[in-house]
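Each chain, letter by letter, is given below.
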Amino acid sequence: MPTRLSLAGYGASWSTKRRVTVVTVTVVVLLAIATAVAWFTGRNNHPNTGPSPSASHSTSPAPGASAPAPGPGSGSVPRPPQISEPVAYAKAAAAMLWSYDTRATSHDQQLAGMQAWMTKEAKYADWASASGQVPDPLLWSRMADQDQHAAATVTEAHFPTAFKQALADDPPAITQAYVYVVTVNGKQTIAWKKGGGAEDRALTLAVQCRPQHDCTLAAIAPTVTQ
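Residues numbered from 1 in each chain as written. Predicted model: local features only at pLDDT ≥ 70, side-chain atom pairs only at ≥ 80, totals over all residues. Heavy atoms only, no water.

A. Quick peek at the overall build of the protein. Across its full length, the protein holds seven helices and five strands. Counted from the first residue to the last, the protein has its helices and strands arranged as α-α-α-β-α-α-α-β-α-β-β-β. Buried positions account for 50% of the 226 residues belonging to the protein. Taking the intrachain contacts of the protein between residues at least 6 apart in sequence as the baseline, contacts between residues at least 24 apart amount to 75%. Of the roughly 10000 Å² of accessible surface on the protein, a fraction of 56% belongs to carbon and sulfur atoms. (Helix = DSSP H or I, 4+ residues; strand = E, 2+ residues; numbered from the N terminus. Buried < 20%, exposed > 50% of the residue type's maximum accessible area, 1.4 Å probe, protein only. Contact = heavy atoms within 4.5 Å. Areas by Shrake-Rupley, 256 points an atom, 1.4 Å probe, with all protein chains shown as cover.)

B. Spotlight on the side chain of Ser76. Relative to the helices and strands, Ser76 resides in the loop between α2 (33–40) and α3 (86–97). Within the structure, Ser76 has its side chain in polar contact with the backbone nitrogen of Asp101 (distance 3.3 Å). (Polar contact = N/O pair within 3.5 Å; in protein donor to acceptor, adjacent residues only side chain to side chain.)

C. Broad picture of the packing of aromatic side chains. Within this structure, the stated rule accounts for five aromatic pairs. Chaining the aromatic ring pairs together yields one cluster made of Phe159, Phe163 and Tyr180. (Phe/Tyr/Trp six-rings, centres within 6.5 Å; stacked < 30°, edge-to-face > 60°.)

D. Structural view of the pairing of strand β5 (residues 216–220). Extensive coverage of β5 is indicated by the burial of five of its five residues. With four bridges joining them, strand β4 (residues 195–208) and β5 adopt antiparallel strand pairing. Bridge pairing in β5 links Ala206 to Ala219. (Pairing = 2+ DSSP bridges.)

E. Here's a closer look at unusual backbone geometry. The phi torsion at Asp147 lies on the positive side, around 55°, for a residue other than glycine. The topology assignment puts Asp147 in the loop between α6 (137–145) and β2 (149–158). Given the relative accessible area of 30%, Asp147 is considered partly exposed. Unlike most non-glycine residues, Gln212 shows phi in positive territory, near 65°. Tracing the sequence through the fold places Gln212 in the loop between β4 and β5. On the accessibility criterion, Gln212 (79% relative accessible area) is exposed.

F. Local environment of α6. Along α6, the residues classified as buried are Leu139, Trp140 and Met143. The arc that holds every buried residue of α6, seen down its axis, measures 105°, which confines them to one face. Among the exposed residues of α6, those oriented more than 90 degrees off its buried face are Pro137, Leu138, Arg142 and Asp145. Here the buried face of α6 lies against β1 (100–101) and α4 (107–115). Between a side-chain oxygen at the N-terminus of α6 and the backbone nitrogen of Leu138 the separation is 3.0 Å; the capping residue is Asp136. Positioned one or two residues after α6, Asp147 has a phi angle of 55°, which is positive. (Arc of directions from axis to C-beta.)

G. Layout of the nonpolar core. By size, the foremost hydrophobic cluster in this structure holds 40 residues, and its most contacted members are Tyr89, Leu97, Val184, Leu203, Leu205 and Val207. Elements with a contribution of two residues or more to this core: α3, α4, α6, β2, α7 (161–169), β3 (179–192), β4 and β5. The element best represented in this core is α3, accounting for seven residues. Membership of the second largest hydrophobic core comes to six residues, among which are Tyr124, Ala177, Val179 and Ala219. (Core = buried A, V, L, I, M, F, W, Y, C linked by side-chain atoms within 4.5 Å.)

H. Spatial organisation of the sheet that holds β2. Spatially, β1-β2-β3-β4-β5 is the arrangement adopted by the five strands of the open sheet, whose pairing is antiparallel. In this open sheet, the two edge strands, each paired with only one partner strand, are β1 and β5. As judged from the nine bridges shared by β2 and β3, these two strands associate in the antiparallel manner. Residue pairing for β3: Ala151 is matched across the bridge by Thr189.

I. Looking closely at the environment of Arg142. Within the secondary structure layout, Arg142 lies in helix α6. The spacing of Arg142 and Thr102 is 40 residues in sequence and 9.3 Å in space, taken between C-alpha atoms.

Spelled out as structure tokens, the structure:
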């Protein structure tokens, strides 16, 4: 039985060091302590919530879904776009995370392509939260045996209510790290040799957008906040 990959929360555990950094340095200056803890703490590995191939009901991609543009040296992973607006960048990042092609991309290429989207500021980057979205090399190879690939359609993205309230309460706080919290909703379509399916997706990301610079990905929250 082929094993499907969900890049919507596979192995989403944050290291203690990175989790503390994100909470204390990035999010706490933007959100109330209780909200920050709820969003950006926890070591649990989130299980696949979507259907397995045998449980899928669709054998063709959903209308409107498309594969990401390839990035040189990273297989099917697209290069990060030159976007300076956090919501737009978060939408692009979520689409990248929900898209993959084991037919054209090795496990190492997938990780290298994703890492190119990350902020280079180590103080704010939580690479573990992003790399934890990708299965281990053995599972990836089994997916490749089944020609498994996925594409994404983003339907909506927004700043969560608590984040907007925190900005309204203390507008200058954002200028410390310029890290914005964005929740993205969409749909992922998955296909393999003998079938396929589609399922809704949601993801909360931390995106860094410093003035006069393109946005980058800082972290992926282990839970979704609307």
